[in-house]
Structure formats: C-alpha cells, structure tokens
Amino acid sequence: PQKETPSQWTKEQVKATLPERDPNSHKGSFGTALLIAGTKEMPGAALLAGLGAMRSGVGKLVIATEAEAMAMIVPRLPEATYVQNGMQRIAEQLASVDAYRAAAIGPGTEPDRMTEDALSVLLESSMPLIVDAGALSRRTYAERQAPVILTPHPAEFSRITGVAVAELQKHRADYAAEWAERLGVAIVLKGQHTVTAFPDGEVWINPTGNSSLAKGGTGDTLAGIMLGMLCCHNDWKHAVLNAVHMHGACADEWTKTRSPHTLLAHELAELLPEVWAAFE
Ligand code: APR
Ligand code: MG
C-alpha cells in the first residue's frame, strides 16, 4: 500500500541543526576521517570526495587509494595524507582503521572481492560508515553500534535490492524505507528529490538540487561532504540530511547565474563555503 509522502528536510531545519565551530577547537576536535576511494583508472573520484570532505568541517583527512591516484590528487589537495594502496592494505588488515571518527568507502572503486573484504573490516569498527558506489552490493549488514549509510543512485539501489530501476523509481520513498528497515541501515536514494530513509522508519525528502548534478563525479562529492559532516555534527542523522541538502543547495547556487549544462563536480566544493555561510 502507498504510504504518506514524507516531509522535506527544509532550509530552516538545516539552519537549526548545523554545528558551530567552537572558538577553542583544534583539528583533533573534529576527528580524522578515512576515505577509501579511487583507483588508477578512477583517481578523480577520490579527489572529488576528498575536496568535499575537507570543505565540510573535518579535522584531518586520510585518503586510502592507489599509488597512481595519490600522485594525481596531492597537487590539488595537499591538505590530506594517505594510506598507499589502502583498499588492499585495509582488506588484508595491514592498515589500522581504529583511529578515525568516520569513514567512507567506494567512490571510484570496483565492486570486487577486495572492496568487499575492506568493507567487512570497516564494519567491525565502531565508527559511522558511508558505503557508496563500488562498495554497494547485495549483502546484509550485521548489527553494530554505529550507523551504516548507503548512498546508492537508482541503478545501484537496483543492484542492492534486485528490484528493477523503473519499479524502484515509481515508489522511491517506499522502497528506501522498506530496505532501510530490512537492512538496518540508512539509505540515501539519490536522484531528483533524494530520499533519506533511516533504519528507525524516519524518512525525509530533499528539496534542493537540480539537473546540473546529472554529471559524473557529483555523487563522489556528496560522499565526501557527508563524511566531513559526520565529523563535525553530534547527531549523525543531521549530518546525513544536511550534507544532502547543502550539496543540492550548491547546485542551486550554480544555476542562479550559470547554465545547468555546465557544472563540473569539483565546482560544488568551490561553491560550498558561501552556500554554507548562508545557512549560518
Ligand atoms: N536532479 C537533482 N539531483 C540530481 C539529478 C537531478 N536531475 N541527477 C543527479 N542528481 C544528484 C544525485 O542526487 C546525486 O547526489 O547528483 C548526484 C549523482 O550521484 P551519482 O549518481 O553517484 O554520480 P557519480 O558521482 O557520477 O558517481 C560516480 O560512482 O556511483 C558510481 O556508477 C557511478 O561510476 C559512477 C561513479
Ligand atoms: Mg556515484
């Protein structure tokens, strides 16, 4: 049966739930985020997510990526540090995942055995975990104390659920809510009017964003913004909702003066400082 249409997570709610940056804070106050992303064929995803994370309140960022990707990212994001060939080292338990406030895995990675193994290692930890792109698969998630947040686009949601894209798209909020509850995870079902469904049954619709986001790399940027937001918010649900809202608000800022055909994903991270300030 068709359920009620969920409410929108509004600008007023974002304003009321964004964290303040304590004047007495230091980089340790906001924790270190771990981003496992990018391969030598898709290094840009790690850069885009890294830019999103470092513009979103994090204290420090460690990027676990392939050596070739690292060389390409460093000149454009010198603020991050690295775990070289990190996906493999985490999968083989050769790199510790203990000291992080939050992690994101999957932007620009292949949905293969190594990614699954690294995900399993991360799931053993007690930090909030964003699972995106290559790390999304048809699997279950054992109960853990910290949240798991899946960020599929419709085709990835179809891969997770086995339900056809056309059917999912007809009942986006219902399917997101059903699978959030079933898997015990948060599901951020992307696309126009992104739906965020929490495992406790809470569901929200995002009112921001536009077709300028229909371009490669914008989802990687969102995963990064969400990772940073998890590090600076006390309430993880607010971090997820505010990340989605503000990512869309950056696209809305773009189309005030520029064509939606022309946005590049990395420009979202450049728009974010002024867009964020407008909420403060
Ligand atoms: N209106 C509003 N928002 C939109 C629209 C639209 N018409 N189209 C896309 N978006 C937003 C989505 O809500 C999401 O936030 O743009 C973002 C797109 O995210 P992804 O589909 O994950 O795109 P991308 O960054 O290119 O993914 C990179 O990872 O997910 C894999 O297969 C994907 O290889 C690709 C890579
Ligand atoms: Mg994506």
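Our subject is the structure listed above.
Cut-offs applied
- Residues numbered from 1 in each chain as written.
- Chains lettered and ligands numbered in written order.
- Predicted model: local features only at pLDDT ≥ 70, side-chain atom pairs only at ≥ 80, totals over all residues.
- Heavy atoms only, no water.
- 1 Å grid on protein atoms, 1.4 Å probe; cavity = no way out; pocket = protein on both sides within 12 Å on 5 of 7 lines; lining within 4 Å.
- Points joined across faces, edges and corners; volume = space filled by probe spheres on them.
- Helix = DSSP H or I, 4+ residues; strand = E, 2+ residues; numbered from the N terminus.
- Nonpolar A, V, L, I, M, F, W, Y, C, P; charged D, E, K, R; others polar.
- Contact = heavy atoms within 4.5 Å.

Visitor: Would you take a moment to explain the layout of surface pockets for this structure?
Guide: The rolling of a water-molecule-sized probe over the atoms marks out the regions of remaining empty space. As a volume, the largest pocket reaches approximately 630 Å³. In terms of lining residues, the largest pocket is bounded by 28 residues, among which K190, G191, L213, T218 and H247 are the most central. Contributions of two or more residues to the lining of the largest pocket are made by α6 (154–161), α9 (218–232) and α10 (236–257). It is α9 that provides the largest number of residues to the lining of the largest pocket, a total of four residues. For the lining of the largest pocket, the class distribution of residues is seven nonpolar, 16 polar and five charged.

Visitor: What is the right way to read the environment of L129 from this model?
Guide: The residue L129 is located in strand β6 (residues 129–131) in this model. Among all residues touching L129, those that are not within four sequence positions of it are A103, L119, L122, L123, R144, P147, V148 and I149.

Visitor: How do you make sense of empty space enclosed by the protein when you look at a structure like this?
Guide: Taken as a whole and judged by the stated rule, the model has one cavity of 30 Å³ or more. The calculated volume of the largest cavity comes to roughly 40 Å³. In this structure, the largest cavity is lined by W9, T194, T196, W204, I205, N206, L241 and V244. Breaking the lining of the largest cavity down by element, the ones donating at least two residues are β10 (203–205) and α10. When grouped by side-chain class, the residues that make up the lining of the largest cavity number five nonpolar, three polar and no charged.

By themselves, these figures tell us nothing about what the structure is for.
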